[in-house]
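Chain by chain, the residues run as shown.
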Amino acid sequence: LAEGVDLGEALRRLVRFFGSCPARLDVQVEGDPFAITRSAKHHLLRIAQEALGNAARHAAASCIRIRLEY
């Protein structure tokens, strides 16, 4: 999911993975991407995954937006 891509693209791929979610999903990336450790990217993606799941399951959200600022 995240190999060989920056965090912004990895988040976009994560959102596509959630394609069956009834909410409209959006990823906004601002600033110039820079390298982060593999571990940090992994943890940030897991946090985003959990947040997406919680918003979809418990909040009955109609729109979920992830905003990444470098």
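Everything numeric here is computed off the predicted structure, so don't read it as measured data.

Rules of the game
Residues numbered from 1 in each chain as written. Predicted model: local features only at pLDDT ≥ 70, side-chain atom pairs only at ≥ 80, totals over all residues. Heavy atoms only, no water. Pairing = 2+ DSSP bridges. Helix = DSSP H or I, 4+ residues; strand = E, 2+ residues; numbered from the N terminus. Right-handed = clockwise from strand over helix to strand, strands pointing away. Salt bridge = Lys/Arg side-chain N within 4 Å of Asp/Glu carboxyl O. Buried < 20%, exposed > 50% of the residue type's maximum accessible area, 1.4 Å probe, protein only. Contact = heavy atoms within 4.5 Å.

**Student:** In this structure, what is going on with the pairing of strand β1 (residues 24-30)? I would like to understand it.
**Tutor:** Within a regular beta strand, the side chains point alternately toward one face of the sheet and then the other, so they alternate between its two faces. Where β1 lies against strand β2 (residues 63-69), 7 bridges are found, and the strand directions are parallel. Residue pairing across strands places Leu25 opposite Ile64, the latter belonging to β2. Note that the unit made of β1, helix α2 (residues 38-58) and β2 has a crossover that is left-handed.

**Student:** How should I be thinking about the pattern of salt bridges in this particular structure?
**Tutor:** When their charged atoms lie close together, side chains carrying opposite charge are able to pair. Going through the model one piece at a time under the given rule, you end up with 5 salt bridges. Note that Glu9 is salt-bridged to Arg13, the shortest N-O span being 3.5 Å. Of the two residues, Glu9 and Arg13 both sit in helix α1 (residues 7-17), 4 residues apart, roughly one turn of that helix. Members of the salt-bridge network, linked through shared partners, are Glu9, Arg13 and Arg16.

**Student:** Before we go on, may I ask you to explain the environment of Ile36 in this structure?
**Tutor:** Relative to the assigned elements, Ile36 resides in the loop between β1 and α2. Classification of Ile36 as partly exposed rests on a relative accessible area of 33%. The sequence separation of Ile36 and Leu25 amounts to 11 residues, and the corresponding C-alpha distance is 24 Å. Non-local contacts of Ile36, meaning those with residues more than four positions away in its chain, are made with Leu7, Lys41 and Leu44.

Interpretation note: all reported values are geometric properties and have no functional meaning in isolation.
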